[in-house]
Amino acid sequence: MNTTLPPLALAPSPVDTSAATTYTDFNGLAALKKDPTSPQAIGAVAAQVEALFLQMMLKSMRDAGAGDNPDSNEMSMYQDMFDKQVALTISQHQDLGIGRLLKRQLSDKIAAAAPKSASSGTGAATPAAAMAQTPAEFVNRVMPTIRRAAGALGLNPLGMLAQAALETGWGQRMPRAADGASSLNIFGIKAGDDWKGARATADTLEFSNGVATPRRTAFRAYGSIEESVGDFVNLLKNSPRYREAVAAGGDAQAYIQSIGKSGYATDPEYANKLNQILDSGTLQAALRPRTAAL
């Protein structure tokens, strides 16, 4: 083999003693199973993956340098053992970036999957992106702002309320910002190139010719419900495609049909889903305490 390996830097930092120190040390990695989400375990797994990558690289280099003079089987076995140990040692002492990237990704996934702590004063766990735990709580939270906005447009607020309920799953799911905070985007407005404000992302299903395709989509993020509703109102007022929806006036079903035809969402069943919410017992029960106000 003509390639010379760089000297190993063994001094910068001690190797995690909970990780395997030789490629045959199965006990070191087995001990990590006791707490697989610990920083030590994540770091050790990342180092092992990086070591595998390095081992593959070393093998490719040896194969390329062997030419037509392959080593004996015994020599090949010893070289393979040496490569595995060298790869493991390099991964534990050198920052090649691969392990660091994997460590960050593993940490992010574990943090996202971890149960949230109880909200202060409630005694119940509340997901970071959930703004309400029940339909009634959702209506109580958003209806005052929606009612004012709908009144300014001359619309029946129930059409907009049904839309907000569908887009957020009654406040249970909204795109999250990078820090896990809710986007408070209750109408599912996407963030195009012209959007200069904060952004959040979520997995969505986009329909094209009736075929649903999963995508990772950027959405607008807001600092309050009022800001979210205000941006939606501006969208309705300023875009010609929603002129018919705004003209629906007090007819909530006419508003929903117009929104469905406008292409607001790619889902061909969008209007039908809105009508199902509008006619549902769930909405009626959630509205009951506010009927007099409507």
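Residues numbered from 1 in each chain as written. Predicted model: local features only at pLDDT ≥ 70, side-chain atom pairs only at ≥ 80, totals over all residues. Heavy atoms only, no water.

*Asks:* What's the story with the overall build of the chain in this structure? I'm lost.
*Replies:* The helix and strand tally for the chain stands at 11 helices and two strands. The secondary structure elements of the chain, listed N-terminal to C-terminal, are α-α-α-α-α-α-β-β-α-α-α-α-α. Split into buried and exposed, the 294 residues of the chain put 36% on the buried side. Total accessible area on the chain stands at roughly 16900 Å², and carbon and sulfur atoms take up 55% of it. (Helix = DSSP H or I, 4+ residues; strand = E, 2+ residues; numbered from the N terminus. Buried < 20%, exposed > 50% of the residue type's maximum accessible area, 1.4 Å probe, protein only. Areas by Shrake-Rupley, 256 points an atom, 1.4 Å probe, with all protein chains shown as cover.)

*Asks:* It is not clear to me how the confidence of the model for the chain should be interpreted in this structure. Could you clarify?
*Replies:* Detailed reading of the predicted coordinates is not advisable wherever pLDDT is low. With 56% of its residues at a pLDDT of 70 or more, the chain shows a mean pLDDT of 75. In the model, residues 1-19 has pLDDT below 50 throughout and makes 27 contacts with residues more than four positions away in sequence or in other chains. Under a pLDDT of 50 for its full length, residues 108-127 has, in the predicted model, 18 contacts with residues more than four places off or in other chains. (pLDDT = per-residue confidence, 0-100. Contact = heavy atoms within 4.5 Å.)

*Asks:* Can you walk me through the nonpolar core in this structure?
*Replies:* In a soluble, globular protein the nonpolar side chains are often hidden away together inside. Membership of the largest hydrophobic core comes to 48 residues, with the highest contact counts inside it found for Leu161, Ile186, Phe187 and Tyr255. Taken together, the elements giving at least two residues each to this core come down to helix H5 (135-153), helix H6 (157-168), helix H7 (225-238), helix H9 (252-262), helix H10 (270-278) and helix H11 (281-287). Here the element with the most residues in this core is H5; it accounts for eight residues. Non-local contacts of Phe187, meaning those with residues more than four positions away in its chain, are made with Ile146, Met160, Gln163, Ala164, Glu167, Ser228, Val229, Phe232 and Tyr264. (Core = buried A, V, L, I, M, F, W, Y, C linked by side-chain atoms within 4.5 Å.)

*Asks:* Is there a simple way to think about the environment of Arg288 in this case?
*Replies:* By the element assignment, Arg288 lies in the segment after H11. Along the primary structure Arg288 and Ala136 are separated by 152 residues, whereas in three dimensions their C-alpha atoms are 8.8 Å apart.

*Asks:* How should I be thinking about unusual backbone geometry in this particular structure?
*Replies:* Trans is the prevailing form of peptide bonds, just as negative phi is the prevailing case for residues other than glycine. Phi at Leu184 takes a positive value of approximately 55 degrees, unusual for a residue other than glycine. With respect to the helices, strands and loops of the structure, Leu184 is situated in the loop between H6 and strand S1 (199-208). Residue classification places Leu184 among the buried residues on the basis of a relative accessible area of 14%. Positive phi, close to 55 degrees, is recorded for Asn209, a residue that is not glycine. The topology assignment puts Asn209 in the loop between S1 and strand S2 (211-220). By relative accessible area, Asn209 is classed as exposed at 80%.

*Asks:* How do you make sense of the packing of H6 against H10 when you look at a structure like this?
*Replies:* The relative placement of two packed helices comes down to the angle between their axes together with the axis-to-axis distance. Relative to each other, H6 and H10 sit at 110 degrees, their axes nearing to 9 Å. By the angle between their axes, H6 is roughly perpendicular relative to H10. Seen from H6, the contacting residues are Leu158, Ala162, Gln163, Ala165, Leu166 and Glu167; seen from H10, they are Tyr270, Lys273, Leu274, Ile277 and Leu278. Here the residues of the contact of H6 with H10 are counted per class, giving eight nonpolar, one polar and two charged. (Axes fitted to C-alpha atoms, helices over the stretch in contact; angles between N-to-C directions. Parallel < 35°, antiparallel > 145°, perpendicular 65-115°, else oblique. Nonpolar A, V, L, I, M, F, W, Y, C, P; charged D, E, K, R; others polar.)

*Asks:* Could you clarify how one ought to interpret the pairing of S1 in this entry?
*Replies:* For a regular strand, side-chain orientation follows a simple rule: the groups alternate between the two sheet faces. Note: S1 against S2, 10 bridges, orientation antiparallel. Across the sheet, Ser208 pairs through a bridge with Val211, a residue of S2. Here S1 folds back onto S2 in antiparallel fashion, the turn holding two residues, of which Asn209 has a positive phi close to 55 degrees. (Pairing = 2+ DSSP bridges.)

*Asks:* Is there a simple way to explain the packing of aromatic side chains in this structure?
*Replies:* The geometry of an aromatic ring pair comes down to the distance between the two centres and the angle between the two planes. Taken as a whole, this structure holds six aromatic pairs when the rule is applied. Judged by centre distance (6.1 Å) and plane angle (85 degrees), the rings of Phe138 and Trp170 are edge-to-face. Of the two residues, Phe138 is situated in helix H5 and Trp170 in the loop between H6 and S1; the sequence distance between them amounts to 32 residues. For Phe138, a relative accessible area of 0% corresponds to the buried category. Given the relative accessible area of 15%, Trp170 is considered buried. Ring centres 6.0 Å apart and planes at 90 degrees place the aromatic pair Phe232 and Tyr264 in the edge-to-face group. Of this pair, Phe232 sits in helix H7 while Tyr264 sits in the loop between H9 and H10; the two residues are 32 residues apart in sequence, bridging distant segments of the chain. When sorted by exposure, Phe232 lands in the same class as Tyr264, which is buried. Members of the aromatic cluster, each reached through a chain of ring pairs, are Phe187, Phe232, Tyr242, Tyr264 and Tyr270. (Phe/Tyr/Trp six-rings, centres within 6.5 Å; stacked < 30°, edge-to-face > 60°.)

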